Amino acid sequence: MSTPLQPLKAQTGVVLVTTLLLLILLTGVGLTSLAGFGVNRSQSQNLVSTKQAFQLADAGIQYAEKYLNQHQPTWSTYASSTPQTLIPYTTLTGLGTFTVSVQDGGNGSLLVTSTGTASNNAQAVITGLVVLGPYVPEDAVTADQNLTISGNGTIAGSNGGVHANGNLTISNSPSISANATAYYTYTATGTPKVNGVAAGNQTIAAIPLMRASMFSASYDYRLSWDGNVYNQAGIAQPLPGGTWNCWKFSSTSTITKKKKKKGGSAPPSAPPMWTLSCSSTINGTLYFQTDVSIPTSLGTTQAPWVTTLIAEKSIDLTAQSVVARVPTSADGALFKAGTQNFLFISDEDIHIGSLSGGNLTGVVTAYGQVGIDGNPTMYGYVVAQDGSNLSGLVTANSLSGGLNLTWNGDLPIPTFLKTAQIKTWKAL
Amino acid sequence: MYTRLLILSLIALLGLGSMEPAGVNAGSSGGIPPGQQKKLLDQQHQDLVQEEQTLAQTYSQLMDQKRSLLEQLRTLNPKGATTQDWLTLWEDYHQYKVTDKDELKANYKDILKALRAKGVDKHDFKSKVEALLQALEAVQQQQDALAQSWDTHDQKVQQLNIDQQNFNQQNGKN
């Protein structure tokens, strides 16, 4: 069956025109969106690059601070009137480069300028004024090598952190109010409570050299290797009954000395030692040319022992309860600017053990190692410089007791102990 | 260079100083008055304190140099390697240099390869790393020399302890 062809009706084309217009409109909207997306993406990329450049410049400033700290003796050579290169182009793989210049910043400071360049040539410039300022550690406990915390102690306060320039190992469940960091590795096998950063691979903590002889101008009395006690004028003090203010001399120390290596000949000879033999000793700054032993409790909250102990050998505190604090300016002649806020300074080890009570306030620093295995309450900070292994009193830095240590970043020490510090900081 | 000179000076100083305690020993049996013996022992004590201070300063400088070199190594791959990784590489490199054993060399090369970030030129990376490792090796040699100086110093301290004990016993201080 065939259908006869019908004549076509006349078409006006309204639908076609409308569809075309709609298509053009949609295409326009689409193209505009794509263009906008491209602009946004470009803006995002620029933002990332700018941020990277800024981070690179900041890394340069941090690096310069450490570099200058390590080169304090040549500080003056950097104080030129025109900029000189301090750190040449240094690449941070995947990020970009930084370079740092340095010049005189006035009043003994250095002006460092760090330029960070990200991968697409985005640049950021930061300037910083670096000064040699008094040493103030970031943390309540700092060790220049490894540190082990195996007790359930509490490190509290705004600067209640711990840092090791070696490895930091934590077992058990100590409470740490700030950071727990290490230059190499951080290992926690217990359930420590760390409020700040808990990690390894962190930046190094600068520690100035602190040794007994650097403080020898500040003592009230020197307890000598020869069993006598001398004042600053070199006048020997009376020793009634062989003791001086409860300090008793022994020509041979009972503190363990370093074991000889295999094949070594004679066992090490012990140095002399001063021992606190009763509880009514003298306040003041005492300089020992020997080992120091404190097995006797002394001091009360109302009447603390006001002292600074400086020892060319080790300090071994094994008393049940010692309440001691550093002299302050309110103590008149007892206060010495040259040992300000130092409680214990030792060229070898410091051991604080068996303290079931007591309270110690001040800065504790050993050129060797520090071991705290009692339950003392302390305010201040502890620094183990790890430069010496001559004493066997403490073989590795450790906090193994129920130490309760608080530090809020105060207790300034003498200004001759300096580290490089960024004073002001500005992004250009 | 400065540190190397300092180390050499130290070794010379330690070598020259090592005869002092024996001199006092000889003196104590040779009838030197106690006052003079005491002065000599005091002087030796001060000399050893000063010597220890110098050794400590040198130790600090060498540690700073070592850490500065490790920091520079760390910048070669800040995202992909830790300071511990670089320390391990350095220790392996040192062992391989000291013993010259093939297996240690292979081990070192494996670690070196693992520390290189993707897209970084192999030869450029190796050249930069080995320059820094060589510098670390030089620091290590100075640290070894310093350790010997500490041992010599320690022997002198031991001798002085004995001399001081003898003096104290002779003078009724036990």
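As shown above, the structure is provided for reference.
No experiment lies behind these values; they were computed from the predicted model shown.

**Focus: the environment of Asn195 of chain A**
Residues and elements named next belong to chain A. Structurally, the position occupied by Asn195 is in the loop between β13 (193-194) and β14 (198-199). On the basis of relative accessible area, Asn195 is assigned to the exposed category, the value being 52%. Once the C-alpha coordinates of Asn195 and Gly161 are considered, the two residues, 34 residues apart in sequence, prove to be 9.0 Å apart.

**Describing the packing of aromatic side chains**
This model, assessed by the stated rule, comprises 18 aromatic pairs over all chains. Measuring from ring centre to ring centre gives 6.4 Å for Tyr135 of chain A and Tyr381 of chain A, while their planes differ by 80°; the resulting arrangement is edge-to-face. You can see Tyr135 of chain A sitting in the loop between β4 (123-134) and β5 (141-143) and its partner Tyr381 of chain A sitting in the loop between β30 (377-379) and β31 (382-384), a full 246 residues away along the chain. Residue Tyr135 of chain A is classed as buried on the basis of its relative accessible area of 3%. With centroids separated by 5.7 Å and ring planes inclined at 50°, the aromatic side chains of Phe215 of chain A and Phe416 of chain A adopt a geometry described as tilted. Taken as a pair, Phe215 of chain A in the loop between β14 and β15 (221-223) and Phe416 of chain A in the loop between β33 (404-406) and β34 (418-427) lie far apart in primary sequence, 201 residues in all. A relative accessible area of 1% places Phe215 of chain A in the buried class. Members of the aromatic cluster, joined through ring pairs, are Trp90, Tyr93, Tyr96 and Tyr108 of chain B.

**A closer look at unusual backbone geometry**
Although it is not a glycine, Cys246 of chain A sits at a positive phi angle of roughly 75°. Residue placement: Cys246 of chain A occurs in the loop between β17 (243-244) and β18 (247-250).

Procedures and definitions
- Along each chain, residues carry numbers from 1 onward, in the same order as the chain's sequence is written.
- Labels follow written order: the first chain is A, the first ligand is 1, and so on.
- Confidence filtering applies because this is a predicted model: local features only for residues at pLDDT of at least 70, side-chain atom pairs given and counted only at 80 or more, and all residues used for totals across whole chains, interfaces and linings.
- Computation of side-chain values covers all heavy atoms of the structure but excludes hydrogens and water.
- Secondary structure elements are taken from DSSP: a helix is a run of H or I of four residues or more, a strand is a run of E of two residues or more, and numbering for both begins at the N terminus.
- Burial status follows relative accessibility: with a 1.4 Å probe on protein chains alone, a residue under 20% of its type maximum counts as buried, one over 50% as exposed, and anything between as partly exposed.
- Stacked, tilted and edge-to-face are the three classes assigned to paired rings of Phe, Tyr and Trp, where Trp is represented by its six-membered ring and a pair needs centres within 6.5 Å; plane angles under 30 degrees give stacked, over 60 edge-to-face, the rest tilted.

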